[in-house]
Amino acid sequence: VIDQPMTGGRLDDIARVEGSTISLPPMRVMCDVTNQLCGERGAARVFGPQKGATPAQVEELDAALARLVQLLGERARAVALEPGAGAAGGLGFGLRYWCGATLERGVELVLDTIDFNGRLRAADLVITGEGRLDASSFDGKAMTGVAARAERMNVTCIAVVGSIAPDVPPEAMARAFAHVEAAGDADANEESRRRALITAAQWAARWWSESSGKPPR
């Protein structure tokens, strides 16, 4: 019995898991990413570095998650491969395996709830964004979900972000957004970041005005 708080670093302490699932009412889980639990596009490899994990820690966490899946058996191996199993550090997997939850793309559920398509019909331009644009942004997060809806409705979509990771291919940005504007240095003080964000928004508005011939409104 492990009687201390469980963390990723303690997964290797698990020798066996007793019990299977919990009887709960139907549960729908909104996931902001479509990553599976383990592997190249798994929770540890994709999101570990964002949270400060070193390369060695990423490998350790991924191996520990894979070992847990093996301990749980065949059904767990199938669940670990489902889109969203790697969301929130593997919470998607846990809720799906132990609680019988269904994993849904959160952005799609939210956009449907607010009738986003209806709003797009009256829009000339969509502005979306997040703190840091990186490879995980294209795995089902809100920003790219918004951009995909806008594209289907033939509405121009631009992104204003805090910074852009060096590993983001320019062609991926070009496919998702008509234009991307970055505010700049994430390590600057709060006032500098605020001014940088205002400047980025101004440049985005200028781009829209020059490319469309319409003034921002």
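The structure we're discussing is the one just above.
Sequence order sets the numbering: in each chain, residues are counted from 1 along the sequence as written. Restriction of local features to residues with pLDDT of at least 70 applies here, the model being predicted, together with a cutoff of 80 or more for giving and counting side-chain atom pairs; totals for whole chains, interfaces and linings are based on all residues. The side-chain numbers reported here are obtained from all heavy atoms of the structure, hydrogens and water having been left aside.

Draft legend 1. Focus on the overall build of the protein chain. Under the DSSP-based scheme used, a helix requires at least four consecutive residues in state H or I and a strand at least two consecutive residues in state E, with every element numbered from the N terminus. Along the backbone of the protein chain there are 9 helices and 7 strands. For the protein chain, the spread of C-alpha atoms along the principal axes amounts to about 65 × 40 × 30 Å. With a 1.4 Å probe rolled over the protein chains alone, any residue whose accessible area is under 20% of its type maximum counts as buried; one over 50% counts as exposed, and the rest are partly exposed. Split into buried and exposed, the 217 residues of the protein chain put 37% on the buried side. We call two residues in contact whenever any of their non-hydrogen atoms come within 4.5 Å of each other. Restricting the contact set of the protein chain to residue pairs at least 6 apart, pairs at least 24 apart contribute 64%. Only the protein chains shown count as covering a residue, and every accessible area follows the Shrake-Rupley method with a 1.4 Å probe. Carbon and sulfur atoms make up 54% of the accessible area of the protein chain, which totals about 12,700 Å². Lys and Arg are tallied as positive, Asp and Glu as negative. Neither His nor the chain termini are counted. Each charge is placed at NZ for Lys, CZ for Arg, CG for Asp and CD for Glu. In the protein chain, 24 side chains carry a positive charge and 28 a negative one; their mean positions are 5 Å apart.

Draft legend 2. Here's a closer look at a nonpolar patch on the surface. On the surface, Met30, Val110 and Ile114 cluster together into a nonpolar patch covering about 250 Å² of accessible area. Checked against the element boundaries, Met30 lands in strand E1 (residues 28–31). Within the patch definition used here, like charges are joined within 9 Å and nonpolar side chains (Val, Leu, Ile, Met, Phe, Trp, Tyr) within 5 Å, considering only residues with over 30% relative accessible area and no salt bridge. Just to be clear on terms, a salt bridge is a Lys or Arg side-chain nitrogen sitting within 4 Å of an Asp or Glu carboxyl oxygen.

Draft legend 3. Quick look at the nonpolar core. The term nonpolar core refers to a set of buried residues drawn from Ala, Val, Leu, Ile, Met, Phe, Trp, Tyr and Cys, joined through side-chain atoms within 4.5 Å. One finds Val126, Phe177 and Val180 to be the most contacted residues of the largest nonpolar core, which totals 19 residues. Those elements that provide at least two residues to this core are helix H5 (106–113), helix H6 (116–120), helix H7 (142–152) and strand E5 (156–161). Top contributing element to this core by residue count: H7, with 4 residues. With residues near it in sequence (within four places) discarded, Val180 still touches Leu133, Ala159, Val161, Ile164 and Met173.

Draft legend 4. Quick peek at the layout of surface pockets. In this analysis a 1.4 Å probe is tested at points of a 1 Å grid over the protein atoms alone, and where it fits but cannot get out there is a cavity; an open set with protein on both sides within 12 Å along at least five of seven lines is a pocket; lining residues have an atom within 4 Å of a point. Grid points are joined across faces, edges and corners, and a volume is the space filled by probe spheres set on the points. Of the volumes computed, that of the largest pocket is approximately 480 Å³. In terms of lining, the largest pocket is formed by 20 residues, of which the most central are Met6, Ile14, Val17, Leu68 and Trp98. Where the lining of the largest pocket is concerned, the elements lending two or more residues are helix H2 (55–72) and helix H4 (91–99). Think of it as three bins: nonpolar holds Ala, Val, Leu, Ile, Met, Phe, Trp, Tyr, Cys and Pro, charged holds Asp, Glu, Lys and Arg, and polar takes everything else, Gly as well. The residue inventory of the lining of the largest pocket, partitioned by class, reads 14 nonpolar, 3 polar and 3 charged. What the second largest pocket holds in volume is close to 330 Å³.

Draft legend 5. Structural detail: the pattern of salt bridges. By the definition in use, this model includes 12 salt bridges. Its salt-bridge partner being Asp62, residue Arg45 comes within 3.7 Å of it at the nearest N-O pair. Linking Arg45 in helix H1 (residues 43–47) with Asp62 in helix H2, this pair joins segments that are 17 residues apart in sequence. Since its relative accessible area comes to 28%, Arg45 is described here as partly exposed.

Draft legend 6. View of the environment of Arg152. Mapping Arg152 onto the fold places it in helix H7. Overall, Arg152 belongs to the exposed group, its relative accessible area being 57%. Sequence spacing of Arg152 and Asn117 is 35 residues, and the spatial spacing of their C-alpha atoms is 9.4 Å.

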